[in-house]
Amino acid sequence: MRIVRAESLGFCHGVRRAVERVEEAAADHGTVHSLGPIVHNEGVTARLANVGVKVVWSLAEVPEGGAVAITAHGAEADVLDRIAERGQPRIDATCPVVRRAQEAAAEAATAGRSVMVYGDPAHPEVRGILSWTGGRGVAFESADLGNASIEPPVAVLAQTTADPTEFEPFVDAVRLRFGDDIAVIDTTCPETVRRYRAARELVGRVDGMVVVGSRTSANTVRLVDVCRAAGVPTFRVASAEEVDEHALMGLASIGLTAGASTPDAVIDEVLRRLRRLGR
Ligand code: SF4
């Protein structure tokens, strides 16, 4: 069995930076309360817990004076205000790419535009971006705008992990409804776009794909969709133990890719397991 790695895969700079920041902060403060998991990866979350990074889901769970970490996905504007009001130490690991999307949303809203975000309305990053619009933003999961009531002029942007091949039809749908006076701000993340592109390139050269990452990671799930859309059998695994050798049997070549929140060590373990199967 031939194993081929995608040219671009795994941990992105935003996730790497966030992990380093909270590790350093935990060493300084003892315990750091992360508002949601720093990375959508159970193994990394468990390892960080061992060095003092505790996941909480709201500020109410953080004791007085406790250090609070904002994840790479960013936070809602009022959460940052409440942390400041409470005078708690804040470790802001918001990815600079996400920060730019928040700023773009805020600027568009200040300029009097309604802000239409292509992304998952329940995702913390999208909730955060919307919060910077002062109530002028709405998120859409598809190019079906339904009969949402939106005041023109509008600005359009994307969840950073959105795939441009889906964002473009969304922009077309908005243009169809509002004409050419729309501000399109491409807030997709170049690192994730590179991973989708590399997966598309690889999928045409192999008989099956293995995508390493958690089911809670938006771009891992999207990578799986990208590979399946090409009609190739695709298996998502969170770790080497989840590789199903029976499912891969008979495939002469396997492509390997991984979501932006999958650590190098996990990718390497999966690669070793696949190579052992291929002997
Ligand atoms: S995928 Fe992109 S936007 Fe998301 S954390 Fe990584 S670098 Fe930042």
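Keep in mind that this is a model prediction, so the values were computed, not measured.

About the criteria used
Residues numbered from 1 in each chain as written. Predicted model: local features only at pLDDT ≥ 70, side-chain atom pairs only at ≥ 80, totals over all residues. Heavy atoms only, no water. Helix = DSSP H or I, 4+ residues; strand = E, 2+ residues; numbered from the N terminus. Rg over C-alpha atoms; globule rule 2.2 N^0.38 Å. Buried < 20%, exposed > 50% of the residue type's maximum accessible area, 1.4 Å probe, protein only. Contact = heavy atoms within 4.5 Å. Lys, Arg positive; Asp, Glu negative; His and termini not counted. Charge placed at Lys NZ, Arg CZ, Asp CG, Glu CD. Salt bridge = Lys/Arg side-chain N within 4 Å of Asp/Glu carboxyl O. Pairing = 2+ DSSP bridges. Axes fitted to C-alpha atoms, helices over the stretch in contact; angles between N-to-C directions. Phe/Tyr/Trp six-rings, centres within 6.5 Å; stacked < 30°, edge-to-face > 60°. Expected span 1.5 Å × (residues − 1). Right-handed = clockwise from strand over helix to strand, strands pointing away.

Participant: Even after reading the chapter, I still don't get the overall build of the protein, so can you show me in this structure?
Facilitator: The helix and strand inventory of the protein stands at ten helices and twelve strands. For the protein, the C-alpha radius of gyration of 20 Å lies close to 19 Å, the compact-globule estimate for 279 residues. Dimensions of the protein, computed from C-alpha atoms along their principal axes, come out at roughly 60 × 55 × 25 Å. Within the protein, the proportion of its 279 residues that are buried is 53%. Contacts in the protein between residues far apart in sequence, at least 24 positions, make up 71% of those at least 6 positions apart. Here the protein holds 31 positive side-chain charges and 38 negative ones, and the gap between their average locations is 5 Å.

Participant: Honestly, the pattern of salt bridges in this entry has me stumped. Any pointers?
Facilitator: Charged atoms that come close allow side chains of opposite charge to pair. What the rule picks out here adds up to 15 salt bridges. Note that D163 and R200 form a salt bridge whose closest N and O atoms lie 2.6 Å from each other. Linking D163 in the loop between β8 (154-158) and α6 (164-178) with R200 in helix α7 (residues 190-203), this pair joins segments that are 37 residues apart in sequence. For R200, a relative accessible area of 34% translates into the label partly exposed. By sharing partners, the salt bridges in this structure join D163, E166, R200 and R222 into a single network.

Participant: Can you walk me through the sheet that holds strand β1 (residues 2-5) in this structure?
Facilitator: Working definition: the strands of a sheet are paired by backbone hydrogen bonds and lie parallel or antiparallel to each other. Spatially, β1-β12-β10-β11 is the arrangement adopted by the four strands of the open sheet, whose pairing is parallel. The sheet is open, and its two edges are formed by β1 and β11 (234-237), each paired on a single side. The sheet shows a mean angle of 25° between the axes of neighbouring strands, direction not considered.

Participant: Just to check I follow, could you spell out the packing of aromatic side chains for this structure?
Facilitator: To describe a pair of aromatic rings, one takes the distance between the centres and the angle between the planes. A full pass over the atoms with the stated rule returns three aromatic pairs. Ring centres 6.4 Å apart and planes at 35° place the aromatic pair Y118 and F167 in the tilted group. Note that Y118 is positioned in strand β6 (residues 114-118) and F167 in helix α6, a separation of 49 residues in sequence. Across the pair, F167 and Y118 agree in class, each one buried. An angle of 40° between the planes, with centres 5.2 Å apart, marks the rings of Y118 and F170 as tilted. Linking Y118 in strand β6 with F170 in helix α6, this pair joins segments that are 52 residues apart in sequence.

Participant: Any chance you could explain α7 here in plain terms?
Facilitator: Owing to its 3.6 residues per turn, the α-helix brings residues three or four apart onto one side. Relative to the 20 Å expected for 14 residues at 1.5 Å per residue, α7 spans 20 Å between its end C-alpha atoms, a close match to the ideal helical length. For α7, the full list of buried residues reads E191, T192, V193, R195, Y196, A198, A199, L202 and V203.

Participant: Would you mind showing me how to read the pairing of strand β2 (residues 32-35) here?
Facilitator: The side chains of a regular strand alternate between both faces of the sheet. Neither face of β2 is left uncovered, since the one carrying V32 and S34 and the one carrying H33 and L35 both have all their residues buried. With four bridges connecting them, β2 and strand β3 (residues 53-56) associate as parallel partners. Each bridged residue has a counterpart across the sheet, and for H33 the counterpart in β3 is K54. With helix α2 (residues 42-50) bridging β2 and its parallel neighbour β3, the resulting β-α-β unit is right-handed.

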